[in-house]
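# Close look at the chain arrangement
Spelled out, the chains give:
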Amino acid sequence: MIGYFGLLCLLIVVSSSSLMVLSGGLKFVTGQHISKQPEFRFLQASVSLSYVSFLFSFASIASLAYAFAVDDFSLSYVSQNSNSLLDVPYKIAATWGGHEGSMLFWVVTLALWGAVIARKSFQSIALKHDTLWIMHLLVAIFSWFTFLASNPFEFNQILPLEGRDLNPMLQDIGLIIHPPMLYLGYVGFASVLALAVGCLLSNTLTDEWIKAARVYCLVAWGFLTVGIAIGSWWAYYELGWGGWWFWDPVENASLLPWLTSTALLHVLVVGSNQNQMRYWCYSLAFITYCLSILGTFIVRSGVLTSVHAFAIDPGKGFSLLGILTVIFVSAFTLLIARAESVDSTNVKGMLSKNFLVVVCANLFVLAMVVVLFGTFYPMVYEMIGLGNISVGAPYFNLLFAPLAVLALFMSGFAPLLQWESTTQLKPTNLKRALLLLLSCSLILAGIVIFVYSKFEDVAGAELKLWPLITTFVAIFVLLSHFYGLVTARFNLRKLWVSIAHVGVAVAAFGISMNSYYSYELTRKLGPNSSMEFGRYQVSYLKTELLIANNYTSEQAHILIGAGENGVTSRLALPEKRHYQVRVMNMTEPSMSAFWNGDVYITLGEKVDATHYAVRMQFKAFVRWIWAGAALVVLAVLGLLWQALQRHRIIEIRNKAKRRTLDSHVVGSKKVANHD
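All figures in this text were calculated on a predicted structure; none of them were measured in a lab.

## Digging into the overall build of the protein chain
In terms of regular secondary structure, the protein chain is built from 17 helices and 10 strands. By the compact-globule yardstick of 26 Å for 675 residues, the protein chain fits well, its C-alpha radius of gyration being 28 Å. A total of 675 residues make up the protein chain; the buried ones form 52% of that total. Once local pairs closer than 6 in sequence are excluded, the contacts in the protein chain between residues at least 24 apart make up 73%. Approximately 31,000 Å² of the protein chain is accessible, and the part contributed by carbon and sulfur atoms is 65%. Here the protein chain contributes 45 positively and 36 negatively charged side chains, and the mean placements of these two sets differ by 14 Å.

Here you go:
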């Protein structure tokens, strides 16, 4: 019964969104426009149906989650991805753990963003109407795709007594948090695309879409950043490889829209404040959402091999590729058709933030092209019959890393420059400040790398060029933003932007140090055995057998001593698990955190009755990566809080003006009546 209810709710979403698309399309074809007074009723209907689409799509996915919670194995999707022994939180998370449920979650998220736009007040009624029409169109496209090709409410012909269980790799809190954050980011860029296309569809192009898009883009970018950060942390501790990024195709798929959305976030600032880079605003809005769809294509098409891929039906994947192509071609065709109406001036001064944004936007787009080419080149190479080829980490490290460091270095100039419309810093003062900051950064970077290489000389650490360069750039970003906050008038927005840039610098420092100062060792260990590992004393204490609901486990107790005579110690508990239903073995590593990295221990195969092949890795400064990401997220929350406060102040002022105007009108009427 719950499956029929969920399917009914999905059908209502399909019908309501399709109806609004047909009605709106007819109005566009007949040449009628929303600015006419009778059309205001159509806008009200569009707003109401936006809420309807969200409520019924949410009811649909809630019914699917309930089916998981009560073990309704009559639904094929539930029986394929759950089991009665599975913990309830993982049952709920399994709702979006497979292809069909994730597509339904995509529809829900689209409808949610549509409802957010519907609730927002616009000065231009035409812009709101056209934007909502585009959102209804996207909801209709993906709800039809979910209903016809990826329906999670299909019933089993034979009722199974038990489910197949969720993939053990997905039985983690990462599944509860990571996909929703990622999807809220992916789909959030649909709102930016809808605003851009809605503006181009309007008779008169307005700047209002850019101001609204800045907030929506920031929210979506924040969700995507959180999703990527949690995903990298999940891969780090769950897969047992000790890595947080492998240039896997699906990892790259999330990086692609992050790169272009970062560029978009900055050009929207220039577009709204300086009336420049308008074509960049439109183009990046289109490209970013199309790259989000491309990510779903990679996961579901089966054309690329990935540990993340969970659907290998080429028909479903290439249907998404067709949707992507239609959106991409249609959006850019519309932009070309309305190009003459786009009001955009050129960036003139090189010693300005405007020009800096142009440079950084180009670097981000170039980095995106590098990642896109490296991800899809093997597939194209094979499809045209030239054989098999692999593009791995050496390619990405060689081409992507310099672009990333250069873009970070450019961001260090931001506090030293002004916008074109404001007073420029005198070249002599700029040179003096720049020389001081660069000199201090280089000296401090040299000291950091030299001292750390001596500190870890027992593990073979040496002076390395790339850590020195990255540390120099990271310190330069930190010092320049501190200098900008101290020397300029304090501005809360500047503080949050500085924290975001510093967060990226901290993450870059962690990445570089992790890449060059990590080391590992594999040894045979068992109870009452010990060994030295770098600066640490490792002692294997015992092995304990554990029994959980749906797996059994062998857990090692390993003591890690550090410092003088092992004064500082950590107890590591790595495991080898066996899942009975899926008949799979999983490794659960342990991570012992120290200020400069993690001692990461993984149990390998059993050598004899009591001893294991134990793999020990030291992952230098790995947590600094997520500390930097946390600073970025903090900055996003601060900027959004500030935007909310500013919006409330504007609303209060507008209400006060309306009350004043009403009082004047009432007073005028009284005088007229008296006369």
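## A look at the pairing of strand E6 (residues 575-579)
A large share of E6 lies buried, amounting to four of its five residues. Bridge analysis of strand E4 (residues 551-562) against E6 gives five bridges, and the strand direction is antiparallel. Looking at E6, one finds that glutamine 555 is bridged to glutamate 575. Following E6, the chain reverses through four residues before pairing antiparallel with strand E7 (residues 584-588); valine 583 in that reversal takes a positive phi of roughly 55°.

## Here's the deal with the confidence of the model for the protein chain
When pLDDT is averaged across the protein chain, the result is 88; 91% of the residues are at 70 or more. Here residues 34-38 scores under 50 on pLDDT; set against residues more than four positions off or in separate chains, the count is seven contacts.

## A look at helix H6 (residues 125-149)
Its 25 residues give H6 an end-to-end C-alpha distance of 36 Å, which sits within 8% of 36 Å, the value for a rise of 1.5 Å per residue. Burial of H6 is extensive: 18 of the 25 residues sit out of reach of the surface.

## Examining the packing of aromatic side chains
Under the criterion given, the structure shown has 47 aromatic pairs. Seen from their ring centres, phenylalanine 105 and tyrosine 183 are 5.8 Å apart, and the 50° between their planes marks the pair as tilted. With a gap of 78 residues between them, phenylalanine 105 in helix H5 (residues 99-119) and tyrosine 183 in helix H7 (residues 173-201) connect regions that are remote in the sequence. Taking relative accessible area as the criterion, phenylalanine 105 reaches 13% and is therefore assigned buried. With a relative accessible area of 8%, tyrosine 183 lands in the buried category. The structure contains a cluster of three or more aromatic residues connected by ring pairs, namely Trp244, Trp245, Trp247, Phe373, Tyr377, Tyr381, Tyr395, Phe396 and Phe400. Sitting over the ring of phenylalanine 122, lysine 120 keeps its end group 5.7 Å from the ring centre. In this structure, arginine 570 packs its charged tip against the face of phenylalanine 594, placed 4.6 Å from the ring centre.

## What to know about the side chain of threonine 109
Within the element layout of this structure, threonine 109 appears in helix H5. Residues within four places of threonine 109 in sequence aside, it is in contact with Tyr183, Leu184 and Val187.

## Some points on a nonpolar patch on the surface
A grouping of Ile443, Leu444, Ile447, Phe450, Val451 and Leu463 is seen on the molecular surface, where their side chains present a nonpolar patch of about 570 Å² in accessible area. Here leucine 444 shows up in helix H14 (residues 427-455).

## Some details on the pattern of salt bridges
Per the stated rule, a full pass over the model turns up eight salt bridges. The salt bridge involving lysine 91 is made with aspartate 71; its shortest N-O contact spans 3.0 Å. Here aspartate 71 lies in the loop between helix H2 (40-69) and helix H3 (76-81) and lysine 91 lies in helix H4 (residues 88-93), a separation of 20 residues in the sequence. Here aspartate 71 falls in the partly exposed class, since its relative accessible area comes to 22%. A cluster of three or more residues bridged by salt bridges with shared partners is formed by Glu575, Arg577 and Glu588.

Cut-offs applied
- Residues numbered from 1 in each chain as written.
- Predicted model: local features only at pLDDT ≥ 70, side-chain atom pairs only at ≥ 80, totals over all residues.
- Heavy atoms only, no water.
- Helix = DSSP H or I, 4+ residues; strand = E, 2+ residues; numbered from the N terminus.
- Rg over C-alpha atoms; globule rule 2.2 N^0.38 Å.
- Buried < 20%, exposed > 50% of the residue type's maximum accessible area, 1.4 Å probe, protein only.
- Contact = heavy atoms within 4.5 Å.
- Areas by Shrake-Rupley, 256 points an atom, 1.4 Å probe, with all protein chains shown as cover.
- Lys, Arg positive; Asp, Glu negative; His and termini not counted.
- Charge placed at Lys NZ, Arg CZ, Asp CG, Glu CD.
- Pairing = 2+ DSSP bridges.
- pLDDT = per-residue confidence, 0-100.
- Expected span 1.5 Å × (residues − 1).
- Phe/Tyr/Trp six-rings, centres within 6.5 Å; stacked < 30°, edge-to-face > 60°.
- Lys NZ or Arg CZ within 6 Å of the ring centre and 35° of its normal.
- Patch = residues over 30% accessible without salt bridge, like charges linked within 9 Å, V, L, I, M, F, W, Y side chains within 5 Å.
- Salt bridge = Lys/Arg side-chain N within 4 Å of Asp/Glu carboxyl O.

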